[in-house]
Amino acid sequence: MSSLEKNSSSQQLPPLNSPVVKALGAFRQIARIADSSLDRKEILQTSVEFLLEILEEQTGGICLLNQDRSGWELFSQPSGGVLEGLVGSEEGRHLLSEVVSPSGSSMLAGKEVFSFLGRFKSLIASPVRSAREVFGVVVILSPKKDRFSTEDEKLLESIGSFLGSCLQNNRLFSKLRKSEVAYRALVENVDEILFQVDTSGALTFLSGKIYDSIGYEPEELLGCNFQQLIHPEDIGIPVAAFEDVKRGGSGATSGFYRVKHREGGYRWHFTSYSAQRNPAGEIIGGVGIARDVTAEMETREKLEISETRLKEIFETMQEGIAVTDLKGKIVDLNHVAVDTLGLKPEEARGQSFYNFVSPEDADKIEQSRVAVLRYGRISNREFGFITRKGVKFPVEMNISLLKGRSGQPLGFIWVGRDISERREWERRLTESEERYRNIFNTFPASVILLNLQGQVVDVNQWHLKEFESPGTSRESYLGRDFLSYPPNAEAGLRQRLSELLEGKSFEARNLIVPFDDASESRVFDVIGVPRFNLEGEVVGGLLVYLDVSQRQELERKSIEAKRLEAVRDLAGAIAHEFSQPIQGLLLLGEMSTLGEVNHKHWEQVVELTERLSDLVLRLKHITSVKTKAYLRDRILDFYGSLKGPKSAPPRRVLVIDDEIIIREALGEMLRKLGFEVATAAGGREAVSWLETGEFGLVICDIYMPDLDGFGVFEVVQKRWPELPFVFVTGYSVPIEREKVISQAAGILEKPVKMEHISAIVERFWPKVRT
């Protein structure tokens, strides 16, 4: 049997549920709680829980006297208002007063004493006191009558006394802890690391800030020599300061050195030392403060980099920069400002910046200086500056206030750019705009500028005069929807406008535009051109209305005049051609009266009569004044016949047309009239035919792909001027080409009929139908 077993058997231990065991358990638990960091309220509430557990009850509490002892503060488990009634009723307070009196002790009571007990039948109340002070009363409630015994009363009384002593001690310890907490809070909450070392350099104390700096808990480094943490390259810096302290120095500071971090890498530190002495005045070590200056060192490095970059920016900016003090004295200039003012750097520094400002802008400079002092910055102020050589130039300037760390004003930063070139461009632009506006307004047609929404941006004066009612201003027209103006919408420009604003130009000919007066409408040629910005994006459109009403009327009158001229020429030619044979006949008649007529004269009469008959026959086929030149030069060419008979042209015709059906149909008609026909599908093939054969007539289409009819006619005119040439077309002939047409022998209009072909060929081969 082990000694532990012998001792157990030789001693009679009390049962586990005995009051003594329960009291010991309560003492142990309360002592542990009271020695903890819990406050008084938490200690009391936790003690109630232990007491209820020991006494095997579920409800109770501690009625604690207020600090001024005028009332009670309750710390309890839910009791259905019973404990509140105990504290609040007169009889309950009488009970509590007796218990806490100097001679008071534990008391038992039942429901017959207190009517407010409700479902509870009995209670036990014991004082909570120490040797020096009474704190209150502990109360336990039971739903059973006569539940508590005298032993329970004594047990609770002893527990109450122990609890009172614990509360007394807790109050003393609390004061001590507060003092210690204040000291430790001071040590732990300063940003610096507090430390102690002995004369060997071993660390004997470290504040918690060491963890924040290098990742070690203070306990891990106690006993270590501080030199083990220093970067080898920096070891001499803190050691020299520590040795100075050991020699009796009143205090020393180190330079910056690096300390190893637990996770690798280093942090920058700076240290202040003082000697630590024992009561006999002997130096036993040192105390000091170490400060982590890593952020400062990084900031200093960044600041140096930033200053370098700022200096580079300062010197590489395209604008001139000047730094002055508050009085305008130049502190620094970048090279642009130096070059612009025509100075040397050493000449500029120390001078007044205002010396370079044009005198007439002196007041503006002063006003700007005051504004910057008030608002901190102003922008886009224009001043006149004068170079060292006296050349004046405009400068656009931004001015900022230069401030110190505390916000106090130190000077000004002047950033300016020479805008001489811009002013010159603006002058040219103004002149250009004036010229544009003059052209725009004097242009003899309506000009309208539109934006992408189809709204009017600008109109010229001609438009207002021709399209708007009298007195309409340009401003009243701006912003209007272009298509909301009735003539524009009715003239069918909606689709054209959509294409225009998509970047497509258009040209609309002979557009009839009705006006408000339904009886009035005019004809316009409308040209639309998209407007682009410098990036090539469409920003709107430009419309030009050209009034062609008068032009068409003039063209009609011109054509009519030409027709009248042709009729006049025709009448003269016919009169001439008729008068000659008639005069001949009259002369022969006169000769016959004289008896001079012979057989030869009668032959001449027959010949003149046939000429008149042929002339009448030919006049019957004249249907168009377009053939005036043909009639004048071909049909009525009696002058050649009077000179003598001409040799008949070959009865061979060249037909030229790129349409095979038309080409073959014309050929068949000519063959029925007894002609030999050659055909060509284009102008170049026709020229080849003319070079290899002899023809009496050329009939040629006007519009062909390779060489058109006008080109063929030009070749024929140069090489075979006597060869008759007839045009064929199904379209109206442009005015500018009518002169060319008039030089040809005639023109056939499609569709060509047989009688038209007959009329043409009979001009060159009379009586061809026979």
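A. View of the packing of helix 24 (residues 683-692) against helix 25 (residues 709-719). Contact pair helix 24 / helix 25: the axes reach a minimum separation of 10 Å and the direction vectors enclose 20 degrees. Put simply, helix 24 runs roughly parallel to helix 25. Seen along the crossing, helix 24 lies across helix 25 with a hand that is right-handed. Residue-level inspection shows Gly683, Val687, Leu690 and Glu691 of helix 24 in contact with helix 25, the latter providing Val712, Val715, Val716 and Arg719. Among the residues making up the contact of helix 24 with helix 25, the classes are represented as 5 nonpolar, 1 polar and 2 charged.

B. Structural view of the packing of aromatic side chains. The final tally for this structure, using the stated rule, is 14 aromatic pairs. One aromatic cluster is present, formed by Phe353, Tyr354, Phe385, Phe393, Phe412 and Trp414 through successive ring pairs. Across from the ring centre of tryptophan 425, 5.3 Å away, lies the NZ or CZ of arginine 428, which sits over that ring. Directly above the ring of phenylalanine 675 sits arginine 651, whose terminal nitrogen or CZ lies 4.5 Å from the centroid.

C. Representation of the side chain of serine 89. Inspection of the secondary structure assignment puts serine 89 in the loop between helix 4 (82-88) and helix 5 (90-100). Within the structure, the side chain of serine 89 is placed 3.1 Å from the backbone nitrogen of glycine 92, a separation counted as a polar contact.

D. Spotlight on helix 24. All of the buried residues in helix 24 are Gly683, Ala686, Val687 and Leu690. Down the axis of helix 24, the buried side of the element spans an arc of 100 degrees, and every buried residue falls inside it. Within helix 24, the exposed residues directed more than 90 degrees away from the buried face are Arg684 and Thr692. Close packing links the buried residues of helix 24 with strand 22 (652-656), strand 23 (676-680), strand 24 (697-701) and helix 25.

E. Region of the structure containing the pairing of strand 23. In this sheet, strand 23 lies alongside strand 22 in parallel orientation, the contact comprising 5 bridges. Bridge pairing links valine 655 to threonine 679 in strand 23. Once the chain exits strand 22 it traverses helix 23 (residues 660-672) before rejoining the sheet at strand 23, and the crossover so formed is right-handed.

Conventions used here
Residues numbered from 1 in each chain as written. Predicted model: local features only at pLDDT ≥ 70, side-chain atom pairs only at ≥ 80, totals over all residues. Heavy atoms only, no water. Axes fitted to C-alpha atoms, helices over the stretch in contact; angles between N-to-C directions. Helix = DSSP H or I, 4+ residues; strand = E, 2+ residues; numbered from the N terminus. Parallel < 35°, antiparallel > 145°, perpendicular 65-115°, else oblique. Left-handed = near helix turned anticlockwise from the far one by under 90°. Contact = heavy atoms within 4.5 Å. Nonpolar A, V, L, I, M, F, W, Y, C, P; charged D, E, K, R; others polar. Phe/Tyr/Trp six-rings, centres within 6.5 Å; stacked < 30°, edge-to-face > 60°. Lys NZ or Arg CZ within 6 Å of the ring centre and 35° of its normal. Polar contact = N/O pair within 3.5 Å; in protein donor to acceptor, adjacent residues only side chain to side chain. Buried < 20%, exposed > 50% of the residue type's maximum accessible area, 1.4 Å probe, protein only. Arc of directions from axis to C-beta. Pairing = 2+ DSSP bridges. Right-handed = clockwise from strand over helix to strand, strands pointing away.

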